[in-house]
Amino acid sequence: MAVDPERVAVNGRKRAQRPQLSHREVADELRSRILSGELRAGERMPTQARLADEFGVERGTVRQALRILQSENLLSNISKGSPATVAEGVEKALTGPAAPPRTTMVALSSRITAAFSAPHVEIDALCLTAVSLTLAMGEPLRLIHEGRLKPARIDVRVLLPSRDIDLAFPAAVDATEDGERVRRRWLAQRNAQGQVLKHNLLALRGTHGIDVHITFRALPFTPPVKLYLLNEAEALFAYYTLARRGVEFDSEYLETYDAEGTQSMLFAFEQGEGLRATTFVEQSHLWFNALWETISSELVLTG
């Protein structure tokens, strides 16, 4: 009987078995393959048995994942007898007026990856920390390094809250608590994410000869929403929904009001998809540019 080396340590003892993936996690991975072009429109998916073996899950879990993708109009012909087929018109299913909203973590990466297929990539973002934006850049950067994408120029502008303001959130629930610790934690995250994003993008100059420009500016207020503008053609919008969250500071527990931006539902609007969507995109650009050119100030990702 063959022994799985992943489950046996060098001393012969069994290692703890990895937690099994959920059907949503399987759906997220398959969706990513469809969006990246690894699985193309009209192409048959691997069989449910092969997918179950690959992900180490039961076939029922795979079927649930496939049904999610079918509900999103990404797959067709799902049955027990034959592999599903990647649907035609995947882009429309994801960005058209009938496309369902998805969490920022799921939706943003696919839209930014699609934006990177343009010769000149233009991305404007208004957000609280740039965590979602930095994570979403991972897939297009990977495809660039693999030689599957090659834009000639990349321009990125990011609006983030200033370090000098009193943040509306995150904030301590008890006003008598030391809110400065909460602010310092947010500031460290904002700076770290911005520095990683800047480094990863500017590195493309040397590795791939791409003309890259990335600029940060500071807002004098805490944004209650996040906004991403892609290639002057799309606007992705989400609310920061506050919730009470416990945070540890040096082994001390503190209750805060904060928002999990990666889980915010992202609503997509695209020029050409009707008057309402086109107007929303245009007005979003006007709003962003007005903030950029008037009340924002230079932002330094330190301290």
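In case you missed it, the structure is sitting above this.
Chemist: I tried to follow the sheet that holds strand 6 (residues 171–172) on my own but got confused; where do I start?
Modeler: One open sheet accounts for 3 strands, arranged 6-11-10; its pairing is antiparallel. Each edge of the open sheet carries a strand with a single partner, namely strand 6 and strand 10 (242–249).

Chemist: What exactly am I supposed to notice about unusual backbone geometry here?
Modeler: A negative phi angle characterises most non-glycine residues, just as the trans form characterises most peptide bonds. Backbone torsion omega between phenylalanine 169 and proline 170 reads -5 degrees, so that peptide bond is classified as cis. Within the secondary structure layout, proline 170 lies in the loop between strand 5 (153–161) and strand 6. Residues other than glycine seldom take positive phi values, yet glutamate 232 does so here, at roughly 60 degrees. Within the secondary structure, glutamate 232 is located in the loop between strand 8 (225–230) and strand 9 (234–239).

Chemist: Can you walk me through the side chain of glutamine 48 in this structure?
Modeler: Assignment of secondary structure puts glutamine 48 in helix 2 (residues 48–55). Residue glutamine 48 is classed as buried on the basis of its relative accessible area, which comes to 11%. In terms of polar contacts, glutamine 48 uses its side chain to reach the side chain of arginine 63, at 3.5 Å.

Chemist: Explain empty space enclosed by the protein to me, please; I cannot follow it from the model alone.
Modeler: One way to see where empty space is left: roll a probe the size of a water molecule over the atoms. The final tally for this structure, using the stated rule, is 1 cavity of 30 Å³ or more. Taken as a whole, the largest cavity holds about 30 Å³ of empty space. Contributing to the lining of the largest cavity are Pro170, Val182, Arg185, Val247, Phe249, Thr256 and Asp258.

Chemist: Before we go on, may I ask you to explain a nonpolar patch on the surface in this structure?
Modeler: A cluster of nonpolar side chains, namely Tyr239, Met265 and Phe267, defines an oily patch on the protein surface of about 300 Å² accessible area. Take methionine 265: it is sitting in strand 12 (residues 265–270).

Chemist: Help me understand the sheet that holds strand 5 in this model?
Modeler: Pairing between sheet strands relies on hydrogen bonds along the backbone, with the strands arranged either parallel or antiparallel. Strand order in the open sheet made by the 8 strands is 3-12-9-8-4-5-7-13, with mixed pairing throughout. The sheet is open, and its two edges are formed by strand 3 (102–103) and strand 13 (297–298), each paired on a single side. Alignment of strand 4 (residues 120–126) against strand 8, held across 4 bridges, turns out to be antiparallel. Each bridged residue has a counterpart across the sheet, and for leucine 126 the counterpart in strand 8 is leucine 227. The strands touched by helix 8 (residues 179–208) are strand 5 and strand 7 (211–219); relative to strand 7, the strand with the most contacts, the crossing angle is about 165 degrees.

Chemist: Help me understand the pattern of salt bridges, please; the structure alone is not making it clear to me.
Modeler: When their charged atoms lie close together, side chains carrying opposite charge are able to pair. Enumeration over the complete set of coordinates arrives at 14 salt bridges. The salt bridge involving arginine 142 is made with glutamate 146; its shortest N-O contact spans 2.7 Å. Glutamate 146 gets classed as partly exposed once you look at its relative accessible area, which sits at 44%. Put simply, glutamate 255 and arginine 244 hold a salt bridge, and the shortest N to O gap is 3.1 Å. With glutamate 255 in strand 11 (residues 252–259) and arginine 244 in strand 10, this residue pair connects regions lying 11 residues apart in the sequence. The class of glutamate 255 is partly exposed, set by a relative accessible area of 22%. Accessibility expressed as a relative area gives 54% for arginine 244, which makes it exposed.

Chemist: Explain the nonpolar core to me, please; I cannot follow it from the model alone.
Modeler: Here is a general trend for soluble globular proteins: nonpolar side chains tend to be buried in one another's company. Judged by nonpolar contacts, the single largest core of 44 residues is most densely connected at Ile112, Phe116, Ile123, Leu133, Met137 and Leu201. Among the elements that make up this core, the one with the highest residue count is helix 8 (5 residues). Among all residues touching methionine 137, those that are not within four sequence positions of it are Ile112, Phe116, Ile123, Val156, Leu197 and Leu201. Ala27, Leu39, Leu66 and Ile68 belong to the second-largest nonpolar core, a separate cluster that totals 19 residues.

Conventions we followed
Residues numbered from 1 in each chain as written. Predicted model: local features only at pLDDT ≥ 70, side-chain atom pairs only at ≥ 80, totals over all residues. Heavy atoms only, no water. Pairing = 2+ DSSP bridges. Helix = DSSP H or I, 4+ residues; strand = E, 2+ residues; numbered from the N terminus. Buried < 20%, exposed > 50% of the residue type's maximum accessible area, 1.4 Å probe, protein only. Polar contact = N/O pair within 3.5 Å; in protein donor to acceptor, adjacent residues only side chain to side chain. 1 Å grid on protein atoms, 1.4 Å probe; cavity = no way out; pocket = protein on both sides within 12 Å on 5 of 7 lines; lining within 4 Å. Points joined across faces, edges and corners; volume = space filled by probe spheres on them. Patch = residues over 30% accessible without salt bridge, like charges linked within 9 Å, V, L, I, M, F, W, Y side chains within 5 Å. Areas by Shrake-Rupley, 256 points an atom, 1.4 Å probe, with all protein chains shown as cover. Salt bridge = Lys/Arg side-chain N within 4 Å of Asp/Glu carboxyl O. Contact = heavy atoms within 4.5 Å. Axes fitted to C-alpha atoms, helices over the stretch in contact; angles between N-to-C directions. Core = buried A, V, L, I, M, F, W, Y, C linked by side-chain atoms within 4.5 Å.

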